[in-house]
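Coordinates in review
Single-letter residue listing:
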Amino acid sequence: MTPNIGDMSKPAIASIEGGATGLATINTIKSITGIDLDHMTALPVINGKSSVSGYSGKAVKPIALRFIHELASHSQLKNVPISGIGGIETWEDCIEFILLGSSNLQVTTSIMQYGYRIVEDMISGVSHFMEEKGFDKLEDMVGIAVNNVIPAEDLDRSFVIYPEFDTDACVGCGRCYISCYDGGHQAIKWNEEDRKPELIKDNCVGCHLCGHVCPIQAISMGKLEYKEID
Ligand SMILES: Cc1cc2nc3c(=O)[nH]c(=O)nc-3n(C[C@H](O)[C@H](O)[C@H](O)COP(=O)(O)O)c2cc1C
Ligand code: SF4
Ligand code: SF4
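Now for a description of the structure that goes with this document. Keep in mind it's a predicted model, so treat the numbers as computed, not measured.

Right, let's get into the packing of aromatic side chains. In this structure the tally under the stated criterion is 4 aromatic pairs. Between Phe159 and Tyr226, the ring centres sit 6.2 Å apart and the planes meet at 70°, which makes this aromatic pair edge-to-face. Highlighted residues: Phe159 in strand β8 (residues 159-165) and Tyr226 in strand β11 (residues 219-226), separated in sequence by 67 residues. Assessed through its relative accessible area of 28%, Phe159 is described here as partly exposed. With a relative accessible area of 61%, Tyr226 lands in the exposed category.

Moving on, we get to a nonpolar patch on the surface. A surface patch of nonpolar side chains, about 440 Å² in accessible area, is lined by Ile32, Ile35, Leu37 and Val52. Tracing the backbone through its elements, the reader meets Ile32 in the loop between β2 (29-31) and β3 (35-36).

Moving on, we come to the site of ligand 1. Within the structure, ligand 1 sits among Ile26, Asn27, Thr28, Ser56, Gly57, Ile85, Gly86, Gly87, Val107, Thr108, Thr109 and Met112. Backbone polar atom of Thr108 to an oxygen atom of ligand 1: 3.0 Å apart, as the coordinates give it. Contact with the protein chains hides 58% of the accessible area of ligand 1, taken as 610 Å² for the molecule alone. Its residues assigned to classes, the shell around ligand 1 shows 4 nonpolar, 8 polar and no charged.

Where helix α1 (residues 9-17) is concerned, the buried positions are Ser9, Ala12 and Ile13. In an axial view of α1, the angular spread of the buried residues amounts to 95°, which keeps them on one side of the axis. Considering only its buried residues, α1 is in contact with β1 (23-25) and α2 (61-72). One or two positions beyond α1, positive phi appears at Gly19, with a value near 115°.

With that settled, the discussion passes to the sheet that holds strand β7 (residues 102-106). Strand order in the open sheet made by the 3 strands is β1-β6-β7, with parallel pairing throughout. Of all strands in the sheet, those with a lone pairing partner are β1 and β7, marking the two edges. Strand-to-strand twist across the sheet, computed as the mean angle between neighbouring axes with direction ignored, equals 25°. Bridge count between strand β6 (residues 82-85) and β7: 4 bridges; the pairing is parallel. By the bridge assignment, Gly84 is partnered in β7 with Leu105.

Time to look at the site of ligand 3. The local shell around ligand 3 consists of Cys170, Val171, Gly172, Cys173, Gly174, Cys176, Trp190, Pro197, Cys214, Pro215, Ile216 and Ile219. Looking at the shell around ligand 3 residue by residue, the classes come out as 10 nonpolar, 2 polar and no charged.

For the pair α2 and helix α3 (residues 91-99), the least separation of the axes is 9 Å and the interaxial angle reads 20°. As the angle between them shows, α2 and α3 are arranged roughly parallel. Contact residues: α2 offers Lys61, Ala64, Leu65 and Ile68, while α3 offers Asp93, Glu96 and Phe97. Residues belonging to the contact of α2 with α3 are distributed by class as follows: 4 nonpolar, no polar and 3 charged.

Reading the values: rules and limits
Residues numbered from 1 in each chain as written. Chains lettered and ligands numbered in written order. Predicted model: local features only at pLDDT ≥ 70, side-chain atom pairs only at ≥ 80, totals over all residues. Heavy atoms only, no water. Phe/Tyr/Trp six-rings, centres within 6.5 Å; stacked < 30°, edge-to-face > 60°. Helix = DSSP H or I, 4+ residues; strand = E, 2+ residues; numbered from the N terminus. Buried < 20%, exposed > 50% of the residue type's maximum accessible area, 1.4 Å probe, protein only. Patch = residues over 30% accessible without salt bridge, like charges linked within 9 Å, V, L, I, M, F, W, Y side chains within 5 Å. Areas by Shrake-Rupley, 256 points an atom, 1.4 Å probe, with all protein chains shown as cover. Salt bridge = Lys/Arg side-chain N within 4 Å of Asp/Glu carboxyl O. Near = heavy atom within 4 Å. Polar contact = N/O pair within 3.5 Å; in protein donor to acceptor, adjacent residues only side chain to side chain. Nonpolar A, V, L, I, M, F, W, Y, C, P; charged D, E, K, R; others polar. Arc of directions from axis to C-beta. Contact = heavy atoms within 4.5 Å. Pairing = 2+ DSSP bridges. Axes fitted to C-alpha atoms, helices over the stretch in contact; angles between N-to-C directions. Parallel < 35°, antiparallel > 145°, perpendicular 65-115°, else oblique.

Spelled out as structure tokens, the structure:
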């Protein structure tokens, strides 16, 4: 199935109605990966010209997972086997695709980058994971996460989890402050003297952008508080 489409379920349903017994998704994503600034054309430059080409590999994984969820959760595609493709590199990637509904997997770009041996790592990692979690068969893991992806408006927004700053570990880089100030909610006060962040709780929405940008993981999930209901 091509990902160069907004709603993949339409061609997927048509394929099944037309006799397909399974769906393989995703194929490459149409893209222009960059412009050569000297030749002023897209990459790769072929005698001064280029074309729109297909993007694949690690960067496309989130898009692949989104489409696989779309198919796996569709009422008209129940029990249709899905072959998951798109940016799979590690055993963790394999499990993510399986949990979202893929009953088998395909790998292209990472084999081109690292060779077939990575499949042995994938098998080993998936086997250890299954043992640790108590799964006997791969089929038992297929689609477990599908129903845990719900419309954004149905998410529980009744609470906030505030960030907790480990000020002893903090190296004073200021990244949390800048990100929250310029891209968040101005909920961090910056102490110029000791170069440490301080939470302004009333402004904080619990987005955890600060934790994502901290280079040393000095910001963790802190106190959970329920919001006041008007
Ligand atoms: C060099 C190359 C050639 C490909 N050729 C085909 C093809 O002939 N038919 C097809 O359906 N998909 C083709 N694909 C798409 C892959 O099967 C796969 O869907 C896509 O690359 C995403 O997976 P990946 O991130 O593991 O590469 C090709 C991909 C690459 C990188
Ligand atoms: S959780 Fe979000 S709003 Fe709160 S301090 Fe961090 S970046 Fe700012
Ligand atoms: S991003 Fe991390 S290390 Fe940098 S100031 Fe904030 S808490 Fe400290």
